[in-house]
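# Per-entry structural report
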There are 2 protein chains.
Amino acid sequence: MVRSGKREADDDEARFLESYDPSTFDRPSVAVDVVLLSAFEGALYTLLVQRHEHPHKGRWALPGTFVRLPESLDDAAARALRDKAGLSGVFLEQLFTFGAPRRDPRMRVIAVAYYARVDRRRFAAAAEHKPDVAACRLEVPWPDEEGGPVGARDAAGAPLALAFDHADILGLAVKRLRGKLDYAPIGFQLLGELFTLYDLQRVHETILDRKLNKDSFRRRIVDSGLVKPTGRSQRGVGHRPAELYRFAKK
Amino acid sequence: MVRSGKREADDDEARFLESYDPSTFDRPSVAVDVVLLSAFEGALYTLLVQRHEHPHKGRWALPGTFVRLPESLDDAAARALRDKAGLSGVFLEQLFTFGAPRRDPRMRVIAVAYYARVDRRRFAAAAEHKPDVAACRLEVPWPDEEGGPVGARDAAGAPLALAFDHADILGLAVKRLRGKLDYAPIGFQLLGELFTLYDLQRVHETILDRKLNKDSFRRRIVDSGLVKPTGRSQRGVGHRPAELYRFAKK
DNA sequence: GAAATAGTGTCTTTAAGACAGTATGTG
DNA sequence: CACATACTGTCTTAAAGACACTATTTC
């Protein structure tokens, strides 16, 4: 009978699992690292944490943590962001998994990188969460989606020493962000609730690091239906005030 | 002095690494799984291996292996493909990392999924590599890039029981393949050295699961410069023979 | 009213879809 | 010569870029 055959196989598997010893093989450690991105004042910013422990003591690292056994990767990334930056409720997307054997000098650590886009206000709040957490301006040395490592600078403009392969992780996050912008106007995730179309255009220009055509940008965004006008306007801007828009949830 | 300060910090870090005990924390196992894709006869195909061991004994799984400590993720994926399918020299791309806590009943296993596109001939050779390896037709139940799990069927058309979360991995591989096709005519990676433009169009139509406009498809592909005409033609086709093209390496 | 940016209307350019019509093999 | 598919040329449509022009606020 098919049914008892299936039952028998299940029992067999249950017995196997009972006696299975998971400690047979050497295993790597698994960590998550989070690239928290924002864009304002014509530059891209990320959140970095200065390391007070070895290895790479003194260098700047992405907020991260080791993955606990009963916890999903997404949960570990959310926990890292909560503990290191005091942020919760942020939409996190998996970016890439970095697994070069010697990327951490202690031992084999495989890092699952995540990235998230937040608006300027939440970003500033996160940067003030702890004294060793800082908002750092990114230096992207390549155009379009060429790719490559990306460095960070402190408030005074001095280059920061990054820990591990975090310059590569930052590079991939920027590349992914630029790529996404080509087919999804996601810029408003980096803006507050209300924004003008030109605010949005400046965010896109900052991310892509090139000027965009104003006319076709407006047409494209309005036609996409992803933003809706609110009827309200800017105030006190020294020129004709622009209409304020809002992200249109579907 | 800055220099000796740096030197001192290095020595400090060296001492730290000397005394570091990596066995302090419980660690997950890390595996790689490879989605080998091809497209022919109007359908997408992948390579699956029947499991002869617990867990999920008897079910069909993607070729995979545990990652060894001194080995990169890319190398582990290439090794899995070599050992399970006898293929080497295939271009592998990382797809996504699956890390749900209970995706493997034995223990916590985090799977870094890879995917690769191969032509029909290499695919057939791989499928005949071992008796428990089979070329399986994929059933994609969703249009465009909606996403979701994807099942497989055996040569007789009967649905196969897939191991672990491999239906989800297959689903993401198909979604990624479709997405890539929108901005890169990569279809020729699934064809042999010489092919007609209509061969290429059929591959694209198979992947996207919809008809394409012949005129604009030809224009787009020829204008892209990614293929070049060879001057040679098909023979014995019962109609005017089409010119054979070749992938133009840059 | 000057300055500055918001917003509108229209022309041009480019790419995609539609489709008619010609070309060239096999049987 | 019939048939099937390859290939070419042209018309239409839609989106993007360019640009002229009007609108509305602060100073």
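Residues numbered from 1 in each chain as written. Chains lettered and ligands numbered in written order. Predicted model: local features only at pLDDT ≥ 70, side-chain atom pairs only at ≥ 80, totals over all residues. Heavy atoms only, no water.

Before going further, it helps to spend a moment on the protein's contact with DNA strand D. With respect to spatial proximity, 19 residues lie near DNA strand D, and among them Asn213, Asp215, Ser216, Arg219 and Arg240 of chain A are the closest. The contact in question runs from a phosphate oxygen of DNA strand D to an N or O atom on the side chain of Asn213 of chain A, over 3.2 Å. When residues of the surface near DNA strand D are traced back to their parent elements, those giving at least two are helix H6 (214–224) of chain A together with helix H6 (214–224) of chain B. Residue classes in the surface near DNA strand D are distributed as four nonpolar, five polar and ten charged. (Near = heavy atom within 4 Å. Polar contact = N/O pair within 3.5 Å; in protein donor to acceptor, adjacent residues only side chain to side chain. Helix = DSSP H or I, 4+ residues; strand = E, 2+ residues; numbered from the N terminus. Nonpolar A, V, L, I, M, F, W, Y, C, P; charged D, E, K, R; others polar.)

As a further point, take the domain arrangement of chain A. Residue and element names in this part refer to chain A. As assigned here, chain A comprises domain 1 (29–180) and domain 2 (187–247). With centres defined by C-alpha atoms, the gap from domain 1 to domain 2 works out at 27 Å. Its largest share of buried area at the contact with domain 2, domain 1 owes to Ala39, Arg117 and Arg178, together 49% of the area lost on that side. Between domain 1 and domain 2 we count zero salt bridges in total. Here domain 1 and domain 2 share two residue pairs in polar contact (both at pLDDT 80 or more) between them. When contributions to the side of domain 1 that touches domain 2 are tallied by element, the ones reaching two or more residues are strand E1 (29–40), strand E2 (43–50) and helix H4 (166–183). Here the side of domain 1 that touches domain 2 gets three residues from one element, more than from any other, and that element is E1. Along the lines of polarity and charge, the residues of the side of domain 1 that touches domain 2 split into six nonpolar, two polar and five charged. (Domains from an automatic or database assignment. Buried area = accessible area lost by both parts, 1.4 Å probe. Salt bridge = Lys/Arg side-chain N within 4 Å of Asp/Glu carboxyl O.)

So, on to the interface of chain A and chain B. Listed per partner, the contact involves 35 residues of chain A and 35 residues of chain B. Of the roughly 3,200 Å² buried where chain A meets chain B, counting both sides, 63% is carbon and sulfur surface. The interface formed by chain A and chain B includes zero salt bridges. Scanning the region where chain A abuts chain B turns up ten residue pairs in polar contact (both at pLDDT 80 or more). Every element with two or more residues in the side of chain A that touches chain B is listed here: helix H1 (2–19), E1, strand E5 (92–98) and strand E6 (109–117) of chain A. If you tally residues by element for the side of chain A that touches chain B, the top one is H1 of chain A, at five residues. Looking at side-chain class alone, the side of chain A that touches chain B contains 19 nonpolar, seven polar and nine charged residues. (Contact = heavy atoms within 4.5 Å.)

In the vicinity of DNA strand C lie 19 residues, with Glu243 of chain A together with Asp215, Ser216, Arg219 and Arg240 of chain B positioned nearest. A distance of 3.4 Å is found between a base nitrogen of DNA strand C and a side-chain nitrogen or oxygen belonging to Lys214 of chain A. At 3.2 Å from a base nitrogen of DNA strand C is found a side-chain nitrogen or oxygen belonging to Arg240 of chain A. For the surface near DNA strand C, the elements supplying multiple residues, two or more each, are H6 of chain A together with H6 of chain B. For the surface near DNA strand C, the residue count by class is four nonpolar, five polar and ten charged.

Of all hydrophobic cores here, the largest spans 55 residues; its most connected members are Leu36 of chain A together with Leu36 of chain B. The element contributing the most residues to this core is helix H2 (residues 73–85) of chain B, with six residues. Excluding anything up to four places from it in sequence, Leu36 of chain B contacts Tyr45, Thr46, Leu47, Leu81, Leu87, Val90, Ala116, Val118, Phe123 and Ala126 of chain B. (Core = buried A, V, L, I, M, F, W, Y, C linked by side-chain atoms within 4.5 Å. Buried < 20%, exposed > 50% of the residue type's maximum accessible area, 1.4 Å probe, protein only.)

To continue, consider the pattern of salt bridges. The tally for this structure, following the rule as stated, stands at 22 salt bridges over all chains. We note a salt bridge from Glu41 of chain B to Arg120 of chain B, for which the minimum N-O separation is 2.7 Å. A residue pair is termed long-range when its members are at least 10 positions apart, and Glu41 of chain B in the loop between strand E1 (29–40) and strand E2 (43–50) and Arg120 of chain B in helix H3 (residues 120–127) qualify at 79 residues. Two residues, Glu93 of chain B and Arg117 of chain B, come together in a salt bridge whose shortest N-O distance is 3.0 Å. With a gap of 24 residues between them, Glu93 of chain B in strand E5 (residues 92–98) and Arg117 of chain B in strand E6 (residues 109–117) connect regions that are remote in the sequence. Classification of Glu93 of chain B by relative accessible area gives buried; the value is 18%. Its relative accessible area of 9% is what places Arg117 of chain B among the buried residues. Linked through salt bridges whose partners overlap, the residues forming this network are Glu93, Arg117 and Lys180 of chain A.

All names here are of chain B. In spatial order, the strands read E9-E11-E10; together these three strands make up an open sheet with antiparallel pairing. The open sheet has two edge strands with one neighbour each: strand E9 (194–195) and strand E10 (227–233). The pairing of E9 with strand E11 (residues 243–247) spans two bridges and is antiparallel. Bridge pairing in E11 links Phe195 to Tyr245. (Pairing = 2+ DSSP bridges.)

Attention shifts here to the pairing of E6 of chain B. Residues and elements named next belong to chain B. Taking burial as the measure, the nine residues of E6 include nine buried ones, the bulk of the element. With burial as the criterion, each face of E6 is covered, one bearing Val109, Ala111, Ala113, Tyr115 and Arg117 and the other bearing Ile110, Val112, Tyr114 and Ala116. When E5 meets E6, the two strands line up antiparallel, connected through six bridges. For Leu92, the partnering residue across the bridge sits in E6 and is Ala116.

On to the environment of Leu92 of chain A. One can find Leu92 of chain A in strand E5. In this view, Leu92 of chain A contacts Val34, Ala77, Ala78, Leu81, Tyr114, Tyr115 and Ala116 of chain A; residues no more than four positions away in its chain are not counted.

A few words now on the sheet that holds strand E10 (residues 227–233) of chain A. With antiparallel pairing, the three strands of this open sheet are ordered in space as E9-E11-E10 (chain A). Bordering the open sheet on either side are strand E9 (194–195) and E10 of chain A, each of which pairs with just one other strand.

Here we come to H6 of chain B. Between a side-chain oxygen at the N-terminus of H6 of chain B and the backbone nitrogen of Asp215 of chain B the separation is 3.0 Å; the capping residue is Asn213 of chain B. One or two residues past the end of H6 of chain B sits Gly225 of chain B, with phi positive at roughly 75°.

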